[in-house]
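Observations on the three-dimensional arrangement
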Amino acid sequence: MKSDLDGVAIRVRGLIKKYGDVTALDGVSFDVGRGEVFAFVGPNGAGKTTTVEILECLREPTAGEASVLGFSVKDRQGKKEIRRRVGVLPQDFNTFDLLTVRENIEFFASMYGVKVNPDELIELVKLEDKRNALYKHLSGGLQKRLGIAISLVNDPEVVFLDEPTTGLDPRARRDVWDIIEMLREEGKTVFLTTHYMEEAERLADEAAIINYGRVVAKASPDELIKQHGGSRTLVVRGGGQEVYNLLYPTLPEVAMGSNGDVLVTLENKRDLTDVALALSGEKTEFEELIIKRPTMEDVFLNLTGKKIVEGELL
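Treat the numbers as computed from the prediction; the structure is a model and nothing was measured. (Residues numbered from 1 in each chain as written. Predicted model: local features only at pLDDT ≥ 70, side-chain atom pairs only at ≥ 80, totals over all residues. Heavy atoms only, no water.)

1. Quick look at the overall build of the protein chain
Regarding its fold elements, the protein chain presents eleven helices and 16 strands. Projected onto the principal axes, the alpha-carbon positions of the protein chain cover approximately 75 × 45 × 35 Å. Taken over 314 residues, the protein chain has a buried fraction of 47%. Looking at the protein chain alone, contacts between residues at least 24 apart form 66% of all its contacts between residues at least 6 apart. Positive and negative charge centroids in the protein chain, built from 41 and 52 side chains respectively, lie 5 Å apart. (Helix = DSSP H or I, 4+ residues; strand = E, 2+ residues; numbered from the N terminus. Buried < 20%, exposed > 50% of the residue type's maximum accessible area, 1.4 Å probe, protein only. Contact = heavy atoms within 4.5 Å. Lys, Arg positive; Asp, Glu negative; His and termini not counted. Charge placed at Lys NZ, Arg CZ, Asp CG, Glu CD.)

As C-alpha cells, this is what we get:
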C-alpha cells in the first residue's frame, strides 16, 4: 500500500530491531527528503546497516514503521515496488571476477530485465579506460565505482550506498564523492551510511547521527555543528610556553597543544580581540594564527563523549 508522502522519499518511525536479547535498533525515527543526500553517520555496530537492510526489504523490523517512496516495507506489494525502484551498493559489494566492467553492467541489467546503455553508466562513474578490464584487475576504488554503476542499472529513484568509501585511499574516496554529488544533481535521493565525519560534512544535505541503535541528532551538517560542535579554537602555531604564559592569565580556556602550539577557545569575538592585543603588545615569537571551526567530529564527540577511529568507538 502506498501513502501520500509529498516531498519525502523515506520515512522511519519508531523502528525497532531485535536479535534475541540484543536490540540493534531502539526506536529509530527520521525522514529523508526527495532529491537529497542523506548521511546516516555512526560507528561500526551502531545500527546503520540494519536500518538500510530493513529499508531495502532484506530484513523484517521487530516493531515500528518504515516506508520508501510511500511504500511500506511490511507490505508484500510495497516490497515489490521498493525493490524495483531502488538501487543498492552493499558494504561488502563484490561481483564477477572474470567479467569485464561492461559485461558486469550488462549482466545486472539483464537481471532487472531492463535495457541500458552500459557506456553511459561507465562514463558517469569515469571508467571509460577500464570498460574492457576484468573486475579482478580493478583497484578497490575502481571496484566501488563499478558497484555504483551497477546500482544504477534500473534508473532508481533512491540509491542506498552502504559505507561506499571504507578502505579507500583519499584520492579514490574523493572520486566516489564526486559521483555522489553527480547523483544529487540528477535528482536521485542518496542514502549514504558512513563512519567518516568529513564525508558526511562534505556531502550531506541532512545527516542523522546514530549510536547504539538510537538517533541522537538530525539536521544539516552546518546546523549540527552550530548546535553541538562547540566553540572555535585559535591556534597560535609555534607559540610555546612563552605565549601560553602570556595568554593564560587573561583568557578563560588556554591549553598547550602538540609541537609547541597554544590553543585558545574562542567563546566570543572579544576573546579574539584580547589575544590580538596581548600578542601585539609583547615581543613574542610564533609562526602563524589559525582559527579552527568545529567539525562533525566535534559534534559526535560532544554528543557521545567518544571519537570514531576507523569505524570503531574510542
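2. Quick word on the sheet that holds strand 5 (residues 71-72)
Strands sit in the order 2-1-4-5 across an open sheet of four strands; the sheet is antiparallel. Two strands close off the open sheet at either side, each with one partner strand: strand 2 (22-33) and strand 5. Bridge analysis of strand 1 (residues 8-19) against strand 2 gives nine bridges, and the strand direction is antiparallel. Bridge pairing in strand 2 links Arg11 to Asp31. (Pairing = 2+ DSSP bridges.)

3. Let's talk about a nonpolar patch on the surface
A grouping of Phe96, Phe107 and Met111 is seen on the molecular surface, where their side chains present a nonpolar patch of about 300 Å² in accessible area. Along the chain, Phe96 falls in the loop between strand 6 (86-89) and helix 3 (101-112). On the accessibility criterion, Phe96 (38% relative accessible area) is partly exposed. (Patch = residues over 30% accessible without salt bridge, like charges linked within 9 Å, V, L, I, M, F, W, Y side chains within 5 Å. Areas by Shrake-Rupley, 256 points an atom, 1.4 Å probe, with all protein chains shown as cover. Salt bridge = Lys/Arg side-chain N within 4 Å of Asp/Glu carboxyl O.)

4. Notes on unusual backbone geometry
Among all residues save glycine, negative phi is the norm, and among peptide bonds the norm is trans. Despite not being glycine, Tyr212 has its phi angle at roughly 50°, a positive value. If you check the backbone angles, Glu310 has positive phi at about 55° while not being a glycine. For Glu310, the position within the fold is in the loop between strand 15 (308-309) and strand 16 (312-313). Relative accessible area serves as the criterion here: at 61%, Glu310 is assigned to the exposed category.

5. Observations regarding the pairing of strand 10 (residues 214-219)
Strand direction decides the pairing type here: strand 9 (residues 206-211) and strand 10, joined by five bridges, are antiparallel. In the strand pairing of strand 10, Ile210 is matched with Val215.

6. Considerations on the nonpolar core
Residues Ile105, Leu146, Ile148, Leu161 and Ile180 are the most contacted members of the largest nonpolar core, which totals 32 residues. Of all the secondary structure elements, the ones that give two or more residues to this core are helix 3, helix 4 (118-124), helix 5 (140-151), strand 7 (158-162), helix 6 (170-185) and strand 8 (189-194). Here the element with the most residues in this core is helix 6; it accounts for six residues. Not counting residues within four places of it along the chain, the set of residues in contact with Leu161 comprises Leu89, Ile148, Ile180, Val190, Phe191, Leu192 and Thr193. Core analysis: the next-biggest nonpolar cluster, separate from the first, contains 27 residues, Leu15, Leu25, Val68 and Leu69 among them. (Core = buried A, V, L, I, M, F, W, Y, C linked by side-chain atoms within 4.5 Å.)

7. Considering helix 8 (residues 221-228)
Those residues of helix 8 not exposed but buried are Pro221, Leu224 and Ile225. Axial view of helix 8: buried residues confined to an arc of 100°, hence all on one face. For helix 8, the exposed residues set more than 90 degrees away from the buried face come down to Asp222 and Lys226. Where helix 8 is buried, its residues meet helix 7 (197-203), strand 9, strand 10 and helix 11 (296-304). Note on helix 8: the residue one or two positions beyond its end, Gly230, has a positive phi of about 90°. (Arc of directions from axis to C-beta.)

8. Considerations on the sheet that holds strand 11 (residues 232-237)
Read across the sheet, four strands follow the order 12-13-11-14 without closing on themselves; strand pairing throughout is antiparallel. Of all strands in the sheet, those with a lone pairing partner are strand 12 (254-256) and strand 14 (288-292), marking the two edges. Adjacent strand axes in the sheet meet at a mean angle of 25°, parallel and antiparallel pairs treated alike. As paired elements, strand 11 and strand 13 (residues 262-266) share five bridges and run antiparallel to each other. Looking across to strand 13, one finds that Thr233 is bridged to Thr265. Helix 9 (residues 240-247) contacts strand 11, strand 12 and strand 13 of the sheet and is inclined by roughly 165° relative to strand 12. (Axes fitted to C-alpha atoms, helices over the stretch in contact; angles between N-to-C directions.)

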